[in-house]
Amino acid sequence: MNINLAKLQLVLDGETDIIIRRDFTHPPARVWRALTEPALIQQWLGGMKRCEMDPRPGGAFHYEWEEFFFSGPILAADALHHMTHVEHFSGDASYHVEVTTDLAAHGTGTRMTMVMRYANAGARAAAIANGFTDSFDEIYGRLETLLTAG
Amino acid sequence: MIILDQSFAALADPTRRAIIARLAKGEATVQDLARPFSISQPAISRHLKVLEEAGLIETRIDGTARPRRLKPDAVAALWDWLGQYRALWEMQFQKMDAVLDGLSDESERSTS
């Protein structure tokens, strides 16, 4: 699989934030649907056994896989353009990430900006290390392919 | 050109990656680390030595205990590698692209 990273930016901001920016070729209304309609979310997140999303202020979401789940309240939502929600990991409220997602029209497509705000620098570092090690087998496999090809 | 440096080589081993994942949750002793694995404490100690030499972890001296922990700099170093991690996000978003591509026809039908 050929990964072109030109459409994706991922940066650390300040002590607690990870910011991801991604461009889509489809307009915000469609991107919003893919982000908020459970039937669509399941298609691209994959392997879920439960998927609920009520994208309204006061609503909540619950994404569950065989061994873990993410859930939390929707703090703010402005349909098609903006949502702020909190993510807890497997019901552990001490794992607290506030995620702000903004969709802006960008040409004929959409520029999505996601800000993930951790409780403190340590929590962000742990999340990075965890995410990294969890996905390392996949990353390593790809690096080996690169190295072999090079 | 990609250089296989010591850290990269150290993380090529799945047990050592599991140890790093455990230490990301907080410091731990050799006994703590050996528990979930079906290998001996000396074997764990050898893995820890490799990780320490690679600069990924450090030892804290606490009386007679010698808990290991991730080096803060190592997390930053991991982040440098996260150019690769970006690729994972991108893969996820490419799946979303495919869902969006599937949606367009349907949307056009419903608006026509």
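Rules behind the numbers
Residues numbered from 1 in each chain as written. Chains lettered and ligands numbered in written order. Predicted model: local features only at pLDDT ≥ 70, side-chain atom pairs only at ≥ 80, totals over all residues. Heavy atoms only, no water. Axes fitted to C-alpha atoms, helices over the stretch in contact; angles between N-to-C directions. Helix = DSSP H or I, 4+ residues; strand = E, 2+ residues; numbered from the N terminus. Parallel < 35°, antiparallel > 145°, perpendicular 65-115°, else oblique. Contact = heavy atoms within 4.5 Å. Nonpolar A, V, L, I, M, F, W, Y, C, P; charged D, E, K, R; others polar. Buried < 20%, exposed > 50% of the residue type's maximum accessible area, 1.4 Å probe, protein only. Pairing = 2+ DSSP bridges. Expected span 1.5 Å × (residues − 1). Arc of directions from axis to C-beta. Phe/Tyr/Trp six-rings, centres within 6.5 Å; stacked < 30°, edge-to-face > 60°. Core = buried A, V, L, I, M, F, W, Y, C linked by side-chain atoms within 4.5 Å.

Caption draft 1: Representation of the packing of helix α2 (residues 14–23) of chain B against helix α4 (residues 41–53) of chain B within the structure. Residue and element names in this part refer to chain B. Look at α2 against α4: their axes get within 10 Å of each other, and the N-to-C directions meet at 75°. Considering the angle they form, α2 stands roughly perpendicular to α4. Facing Thr-15, Arg-16, Ile-19 and Ile-20 of α2, the residues of α4 in contact are Ile-44, His-47, Leu-48, Val-50 and Leu-51. Here the residues of the contact of α2 with α4 sort into 6 nonpolar, 2 polar and 1 charged.

Caption draft 2: Structural view of the pairing of strand β3 (residues 50–53) of chain A. Residues and elements named next belong to chain A. Covered by surrounding structure in β3 are Cys-51 and Met-53 only, the residues Arg-50 and Glu-52 on the alternate face being uncovered. Note that β3 and strand β4 (residues 60–64) share 4 bridges and pair antiparallel. Counterpart to Cys-51 in the pairing with β4 is Tyr-63.

Caption draft 3: Local environment of the pairing of strand β1 (residues 8–13) of chain A. Residues and elements named next belong to chain A. Where β1 lies against strand β2 (residues 17–24), 6 bridges are found, and the strand directions are antiparallel. Each bridged residue has a counterpart across the sheet, and for Val-11 the counterpart in β2 is Ile-19. Counting the residues between successive antiparallel strands, the hairpin from β1 to β2 contains 3 residues, one of them, Gly-14, with a positive phi of roughly 60°.

Caption draft 4: Focus on α4 of chain B. All names here are of chain B. With 13 residues, α4 ought to run about 18 Å at 1.5 Å a step, and its terminal C-alpha atoms sit 18 Å apart, in line with that. Burial in α4 covers these residues: Ala-43, Ile-44, His-47, Leu-48 and Leu-51. When α4 is viewed along its axis, its buried side chains cluster within an angular range of 140° and face the same direction. The outward face of α4, more than 90 degrees from its buried face, is lined by the exposed residues Arg-46 and Lys-49. Of the residues trailing α4, Gly-55 is marked for its positive phi of about 80°.

Caption draft 5: The arrangement of the environment of Ala-79 of chain A in detail. With respect to the element layout, Ala-79 of chain A can be found in the loop between β5 (69–78) and β6 (82–89). With 24 residues separating them along the chain, Ala-79 of chain A and Leu-103 of chain A place their C-alpha atoms 9.9 Å apart.

Caption draft 6: Representation of unusual backbone geometry in the model. Residue and element names in this part refer to chain A. Its identity is not glycine, yet Leu-80 carries a phi of approximately 80°, on the positive side. Structurally, Leu-80 can be placed in the loop between β5 and β6. Here Ser-90, not a glycine, exhibits a phi torsion of approximately 45°, which is positive.

Caption draft 7: View of the packing of aromatic side chains. Under the counting rule described, the total for this entry stands at 8 aromatic pairs over all chains. Taking 5.9 Å as the distance between ring centres and 90° as the angle between the ring planes, the aromatic pair formed by Phe-24 of chain A and Phe-93 of chain B counts as edge-to-face. Separated into two different chains, Phe-24 of chain A in strand β2 and Phe-93 of chain B in helix α6 (residues 83–111) make up a pair that spans both. Its relative accessible area of 3% is what places Phe-24 of chain A among the buried residues. Phe-93 of chain B gets classed as buried once you look at its relative accessible area, which sits at 2%. Taken together, Trp-65, Phe-68, Phe-70, Phe-89 and Tyr-95 of chain A form an aromatic cluster joined through their ring pairs.

Caption draft 8: Main features of the nonpolar core. The biggest cluster of nonpolar side chains holds 35 residues, and the ones touching the most others in it are Ile-20, Tyr-63 and Met-116 of chain A together with Trp-89, Phe-93 and Met-96 of chain B. Here the element with the most residues in this core is α6 of chain B; it accounts for 6 residues. Excluding residues within four positions of it along the chain, Tyr-63 of chain A makes contact with Leu-35, Ile-41, Leu-45, Met-48, Arg-50, Cys-51, Glu-52, Met-53, Phe-68, Phe-69 and Phe-70 of chain A. Core analysis: the next-biggest nonpolar cluster, separate from the first, contains 17 residues, Ile-19, Val-30, Ala-54 and Ile-57 of chain B among them.

Caption draft 9: Summary view of the sheet that holds β3 of chain A. Residues and elements named next belong to chain A. Pairing is antiparallel in the open sheet, where 8 strands are placed in the order β1-β2-β8-β7-β6-β5-β4-β3. Each edge of the sheet is formed by a strand with only one pairing partner; in this case those strands are β1 and β3. On average, each strand axis in the sheet is tilted by 20° relative to the strand beside it, whichever way the strands run. Two strands pair when backbone bridges link them, and β2 and strand β8 (residues 109–118) are joined in this way by 8 bridges, in the antiparallel orientation. Among the inter-strand pairings, Phe-24 is bridged to a residue of β8, identified as Thr-110. In the packing of helix α2 (residues 38–45) onto the sheet, contacts are made with β3 and β4, and the angle to β3 comes to roughly 130°.

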